[in-house]
Amino acid sequence: MSPADQPTRIRCFIDFEQDGKQVGYLQLPHSSNVSAYGWIGIPICVVKNGSGPTLYLGAGNHGDEYEGQITLARLIRELDPASIQGRLIILPASNFPAAMVGSRCSPIDDGNLNRSFPGDPDGRPTSAIAHFIENVLMPKCDGLLDMHSGGKTLDYIPSALMRKTPGGDPRFEQKLAALQAYGAPIGYIVSDGREDRTIIAGADRKGVVALGTELGGAGTVTLETLKVARRGLYNFMAHFGVIERSPYADATPQSRLLEVGGPDYYIHAPCRGLYEPAVELGHEVEAGQTVGWIHFMDDPVRPPVEITFARAGTVFCTRPILQVERGDCLAHLGTDYSG
């Protein structure tokens, strides 16, 4: 029996077929030095009214990405079940241990939830959460929105994203329509399909139309990134027909569509040092143009290392932390999507 076919060990006392709003906790068994027979409580909310589409709305997949967590917590408190038609499954802090300490990865097992799918029901906590989402929750769903930002180590122009499934994507047009409906300043298509451990790759395996976001970052939020998060959430629900009309429908700009392909779209530090950037978010760059320089503060007379772009494109992600190690991502590009 494969891990995907095994029953989950996570206990859930929500009735997914019951109308109204239910808020509770997924109980993930976890035995530790301080709690022999304990469990980790992962908040879950299910809102249902009659028949209609089911959407998964998630945040806190990475615990240091805050726009989605704030936006979904507000939704849970504010949403009247009578205002929807269908069902919402909301996990506002899906990697709960990471969310509680504001870190990208879990402090329990160092697990990166968005590199843990499809997961393992008998694995460490992060892997067990991934398994539950992909194999218990996703099969109930028609659409999925998992809200991310750049966390503490990256900063994005507020964006929504979709994955183009390698070898032909039967849901491509549905994903593209959802991406455009979301209405972020940038909507980008990840066409390098080698990464299959993410939640949106899991959604592809389950036949669910899925979007992610990158709403900002630098370890904080802004009024603008929160606005894009909330507007996009309501637009996404309206697109699937769970609400009749988004209250932001008339104030949503058209997204600029970009594509993110292979490794040459990303720029990494070749060595340790102090990074001096030469570009900012939104800059249009050419191949060979300077990204920045890495200085050696323990040897200030040593010439800095110049870093250049391997290709042309738009800078829509940068690193706000200037102390770097070899391999740190400094920026990445998108190129205009041509269809």
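What comes next concerns the included structure. (Residues numbered from 1 in each chain as written. Predicted model: local features only at pLDDT ≥ 70, side-chain atom pairs only at ≥ 80, totals over all residues. Heavy atoms only, no water.)

1. Some remarks on the overall build of the protein chain
The helix and strand inventory of the protein chain stands at six helices and 18 strands. For the protein chain, whose C-alpha radius of gyration is 20 Å, the value lies close to the compact-globule estimate of 20 Å for 339 residues. Structurally, the protein chain occupies a C-alpha span of about 65 × 55 × 40 Å along its principal axes. Relative to its full complement of 339 residues, the protein chain shows a buried share of 53%. If you take every contact in the protein chain between residues at least 6 apart in sequence, the share linking residues at least 24 apart comes to 70%. The average position of the 30 basic charges and that of the 39 acidic charges among the side chains of the protein chain differ by 4 Å. (Helix = DSSP H or I, 4+ residues; strand = E, 2+ residues; numbered from the N terminus. Rg over C-alpha atoms; globule rule 2.2 N^0.38 Å. Buried < 20%, exposed > 50% of the residue type's maximum accessible area, 1.4 Å probe, protein only. Contact = heavy atoms within 4.5 Å. Lys, Arg positive; Asp, Glu negative; His and termini not counted. Charge placed at Lys NZ, Arg CZ, Asp CG, Glu CD.)

2. Brief notes about the packing of helix α3 (residues 125-137) against helix α5 (residues 199-206)
One way to put it is that α3 packs onto α5 with a least axis distance of 10 Å and a crossing angle of 25°. One finds that α3 runs roughly parallel with respect to α5. Considering how the two elements wind past one another, α3 and α5 form a crossing that is right-handed. Across from I133, E134 and N135 in α3, the residues of α5 making contact are I199, G202, R205 and K206. Partitioned by chemical class, the residues of the contact of α3 with α5 number two nonpolar, two polar and three charged. (Axes fitted to C-alpha atoms, helices over the stretch in contact; angles between N-to-C directions. Parallel < 35°, antiparallel > 145°, perpendicular 65-115°, else oblique. Left-handed = near helix turned anticlockwise from the far one by under 90°. Nonpolar A, V, L, I, M, F, W, Y, C, P; charged D, E, K, R; others polar.)

3. Here we look at the environment of Y37
Inspection of the secondary structure assignment puts Y37 in strand β2 (residues 35-49). Placed 84 residues apart in sequence, Y37 and P121 show a C-alpha to C-alpha distance of 17 Å.

4. Some remarks on the pairing of strand β4 (residues 86-91)
Summarising burial for β4: six of the six residues are buried, a large majority. Neither face of β4 is left uncovered, since the one carrying G86, L88 and I90 and the one carrying R87, I89 and L91 both have all their residues buried. Pairing of strand β3 (residues 54-59) with β4, which is carried by five bridges, proceeds in the parallel orientation. Paired with Y56 across the strands is I89, a residue of β4. For the crossover that starts at β3, traverses helix α1 (residues 67-78) and ends in the parallel β4, the hand is right-handed. (Pairing = 2+ DSSP bridges. Right-handed = clockwise from strand over helix to strand, strands pointing away.)

5. Notes on the environment of I267
Inspection of the secondary structure assignment puts I267 in strand β11 (residues 266-268). Along the backbone, I267 and G183 are 84 residues apart, and their C-alpha atoms lie at a distance of 27 Å. Beyond its immediate chain neighbours, meaning those up to four positions away, I267 contacts V291, I307, F309, D328, C329, L330, A331, H332 and L333.

6. Some words on α3
Residue pairs three or four apart in sequence face the same way in an α-helix, which turns once every 3.6 residues. Its 13 residues place the ends of α3 17 Å apart at the C-alpha level, agreeing with the 18 Å of an ideal helix rising 1.5 Å per residue. Of all 13 residues in α3, twelve are buried, a share of seventy percent or more. Of the residues making up α3, those classed as buried are P125, T126, S127, A128, I129, A130, H131, F132, I133, E134, N135 and L137. Those residues of α3 that are buried lie in contact with β1 (20-32), β2, β3, β4 and α5. (Expected span 1.5 Å × (residues − 1).)

7. Thoughts on the sheet that holds strand β14 (residues 290-295)
Through backbone hydrogen bonds, the strands of a sheet pair up, either in parallel or in antiparallel fashion. With antiparallel pairing, four strands are arranged side by side in an open sheet as β15-β14-β12-β17. Edge positions in the sheet fall to β15 (305-308) and β17 (323-324), since each has one partner strand and no second. Where strand β12 (residues 273-277) and β14 come together, four bridges link them in antiparallel fashion. Across the sheet, the residue bridging to P277 is G292, located in β14.

8. Concerning the packing of helix α4 (residues 172-182) against helix α6 (residues 223-239)
α6 packs onto α4 with a crossing angle of 135° between their chain directions and a minimal axis gap of 8 Å. Taken as axis vectors, α4 and α6 run oblique relative to one another. Relative to α6, α4 is oriented so that their crossing is right-handed. On α6, the residues touching Q174, A177, A178, A181 and Y182 of α4 are V228, A229, G232, L233, N235, F236 and H239. Residues belonging to the contact of α4 with α6 are distributed by class as follows: eight nonpolar, four polar and no charged.

9. A word on the packing of aromatic side chains
Tallying each qualifying case throughout the model produces five aromatic pairs. Ring geometry for Y188 versus F316: centroids 4.9 Å apart, planes at 65°, classification edge-to-face. Placement of Y188 in strand β8 (residues 186-190) and of F316 in strand β16 (residues 313-318) is noted, with a sequence separation of 128 residues between them. For the pair shown, Y188 and F316 are each scored as buried. One cation-aromatic arrangement involves K164 over F172; the distance from NZ or CZ to the ring centre is 5.6 Å. Across the ring face of F296, the terminal group of R302 is positioned such that the distance to the ring centre comes to 3.6 Å. (Phe/Tyr/Trp six-rings, centres within 6.5 Å; stacked < 30°, edge-to-face > 60°. Lys NZ or Arg CZ within 6 Å of the ring centre and 35° of its normal.)

Remember, this is a structural readout, not a statement about activity or role.
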